[in-house]
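What follows is the residue order along each chain.
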Amino acid sequence: MYSDKCSFIHPLPANTALDVIGDVHGEWEALQQLLHFLGYDESGRHKHGRKLVFVGDLCDRGPDSPAVLDWVIKAVAAENAFTIIGNHELNLLIDDPKDGSGWYFDNRPQDEARFAPWQHYSSAKRKQLQDTLSQWPLILQRHDLRIVHAAWLPDSINKLFQCSETSLVKQYHYWEDRFFDDFRHTEWYEHYMQEKQQLNAELENEHYPMTFQPGVAHYDLLRSCHNPLRALTSGIQAITQQPFYINGRWRFTVRKPWWQQYSDPVAVIIGHYWRSWYGTGVAEHRKELFQEPSTHWLGERQQVFCVDFSIGARWRERKKAILPADSQMHLAALRWPENLIMLNNGKYYSGKRSY
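Residues numbered from 1 in each chain as written. Predicted model: local features only at pLDDT ≥ 70, side-chain atom pairs only at ≥ 80, totals over all residues. Heavy atoms only, no water.

Draft legend 1. Region of the structure containing the overall build of the protein chain. On a plain count of helices and strands, the protein chain comes out with 11 helices and 14 strands. Scaling as 2.2 N^0.38, a compact globule of 355 residues should have a C-alpha radius of gyration of about 20 Å, and the protein chain matches this with 20 Å. Dimensions of the protein chain, computed from C-alpha atoms along their principal axes, come out at roughly 60 × 50 × 50 Å. Within the protein chain, the fraction of its 355 residues that count as buried is 53%. For the protein chain, restricting intrachain contacts to residue pairs at least 6 apart in sequence, the fraction spanning at least 24 positions comes to 69%. Of the roughly 16,400 Å² that the protein chain leaves accessible, carbon and sulfur atoms contribute 49%. Both charge centroids of the protein chain, one from 39 positive and one from 43 negative side chains, sit 4 Å from each other. (Helix = DSSP H or I, 4+ residues; strand = E, 2+ residues; numbered from the N terminus. Rg over C-alpha atoms; globule rule 2.2 N^0.38 Å. Buried < 20%, exposed > 50% of the residue type's maximum accessible area, 1.4 Å probe, protein only. Contact = heavy atoms within 4.5 Å. Areas by Shrake-Rupley, 256 points an atom, 1.4 Å probe, with all protein chains shown as cover. Lys, Arg positive; Asp, Glu negative; His and termini not counted. Charge placed at Lys NZ, Arg CZ, Asp CG, Glu CD.)

Below, the structure written as structure tokens:
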């Protein structure tokens, strides 16, 4: 195990049954449903002493991120729950507005058209929220289990110990500054600057007939693994020759299934990757991620489980007046050590390993 003395790595309680919940993305109703079926009361207590664990991305896109965050913060303070930072909480902390964050940031009018109606976060409470989130870890662990939002990457974890900064935000900016300095000395820097200058706004124009841009591609590729906070919360990337548009910009890299190389004996539970419970409606750029059925563990030794089943896309169904009972998107929990998957509709399934 990595040392818990690192401020970004916290211990999980030993010899305690856990319910590890995937990305909630502001879906307060779905979270309430799931907590009910898991047997938790309104404060997050369980009569059998089980504890909740959240894999991050509690906020953005859904109708009530404030309610989700406020509830989890109280449950964590009461020691009924544990949580880590996801890339969406990290964006909030570093003041980087992204798609679906208009519930918090005031400069996202485009989000109102896509995601509203939703609850906005009181400006008077934002400083306290940032102070609280900045204390959350990137990793939770114990002898039999590791929790990280996107990727278990030993090289990135070791980098956390290399920097003396104990502030999550300061360490993020330390590595970002290092990346920009390092990238200037690569063969791709001039390509990147030329492409950015020539294309400018077209890189964010969905209707532009975009072609592959090697400079931007290698910028994104190297940036994905250089900053350990970015790598652990967003995963690492691989270059794709087929540009695609998502979340406001053209992309030239795709998410890489790092779990194919994971061979440690300790189980890892992640979120982040928008897994499809039904195997349908998967975006083209995500089709290579999951070759296994939705109930199956991943990787060479089948020691990684992704518990994110795309509840963050529920807003699209609401725009089409699809009722929750007919939803293709689920909030899920993996019960540990029982290896049972519970969905927010009350149905549960056994986690599967092929061997």
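Read on, since the account is not over.
Draft legend 2. Layout of the pairing of strand β13 (residues 340-343). The pairing of strand β12 (residues 330-336) with β13 spans 4 bridges and is classified as antiparallel. Bridged to Ala332 within β13 is Leu343. What sits between β12 and β13 in their antiparallel hairpin is a turn of 3 residues, with Asn339 showing a positive phi close to 60°. Bridge analysis of β13 against strand β14 (residues 348-350) gives 3 bridges, and the strand direction is antiparallel. In the sheet register, Met342 faces β14, and the bridge partner there is Tyr348. Where β13 hands over to β14, the hairpin turn is made up of 4 residues, of which Gly346 adopts a positive phi near 90°. (Pairing = 2+ DSSP bridges.)

Draft legend 3. Just the domain arrangement of the protein chain, in detail. Splitting the protein chain by domain gives domain 1 (1-151 + 262-354) and domain 2 (153-258). The gap between the C-alpha centroids of domain 1 and domain 2 is 24 Å. Each partner contributes residues to the interface: domain 1 has 32 residues there, and domain 2 has 28 residues. At the boundary of domain 1 with domain 2, total buried surface from both sides reaches about 2,600 Å², with 71% on carbon and sulfur atoms. For the interface between domain 1 and domain 2, the tally reads 0 salt bridges. If you look at where domain 1 meets domain 2, you find 7 residue pairs in polar contact (both at pLDDT 80 or more). Mapped onto the side of domain 1 that touches domain 2, the elements with two or more residues apiece are α3 (87-93) and β9 (267-270). The greatest single-element share of the side of domain 1 that touches domain 2, amounting to 3 residues, is contributed by α3. (Domains from an automatic or database assignment. Buried area = accessible area lost by both parts, 1.4 Å probe. Salt bridge = Lys/Arg side-chain N within 4 Å of Asp/Glu carboxyl O. Polar contact = N/O pair within 3.5 Å; in protein donor to acceptor, adjacent residues only side chain to side chain.)

Draft legend 4. Local environment of the sheet that holds β9. Judged by pairing direction, the sheet is mixed, and its 5 strands sit side by side in the order β1-β5-β6-β9-β10 without closing on themselves. Each end of this open sheet is capped by a strand with a single partner; those strands are β1 (9-11) and β10 (304-306). Pairs of neighbouring strands in the sheet enclose a mean axial angle of 20°, with direction left out of account. (Axes fitted to C-alpha atoms, helices over the stretch in contact; angles between N-to-C directions.)

Draft legend 5. Examining helix α1 (residues 28-38) more closely. Listed as buried for α1 are Ala30, Leu31, Leu34, Leu35 and Leu38. Looking down the long axis of α1, one finds its buried residues gathered within 135° of arc, a one-sided arrangement. Contacts made by the buried residues of α1 are with β2 (18-21), β3 (51-54), α2 (65-77), β12 and β13. At the C-terminal side of α1, Gly39 shows a positive phi close to 95°. (Arc of directions from axis to C-beta.)

Draft legend 6. Inspection of the packing of α1 against α2 at higher detail. The interhelical angle for the contact between α1 and α2, taken along N-to-C directions, is 40°, at an axis separation of 8 Å. Here α1 lies oblique to α2, going by the angle between them. Taken together, the residues of α2 that come into contact with α1 (itself represented by Trp28, Leu31 and Leu35) are Ala67, Val68 and Trp71. Looking at side-chain class alone, the contact of α1 with α2 contains 6 nonpolar, no polar and no charged residues. (Parallel < 35°, antiparallel > 145°, perpendicular 65-115°, else oblique. Nonpolar A, V, L, I, M, F, W, Y, C, P; charged D, E, K, R; others polar.)

Draft legend 7. Layout of the pattern of salt bridges. By the definition in use, this model includes 19 salt bridges. Ionic pairing is found between Arg61 and Asp99, a salt bridge with its closest N-O pair at 3.7 Å. Of this pair, Arg61 sits in the loop between β3 and α2 while Asp99 sits in the loop between α3 and α4 (109-115); the two residues are 38 residues apart in sequence, bridging distant segments of the chain. In this structure, Arg61 and Asp99 share a single accessibility class: buried.

Draft legend 8. Spatial organisation of helix α7 (residues 168-183). End to end, α7 covers 23 Å across 16 residues, agreeing with the expected 22 Å (1.5 Å per residue, within 8%). Considered for burial, the residues of α7 that qualify are Leu168, Gln171, Tyr172, Trp175, Glu176, Phe179 and Phe183. What you see down the axis of α7 is that its buried residues fit within an arc of 135°, all on one side. (Expected span 1.5 Å × (residues − 1).)

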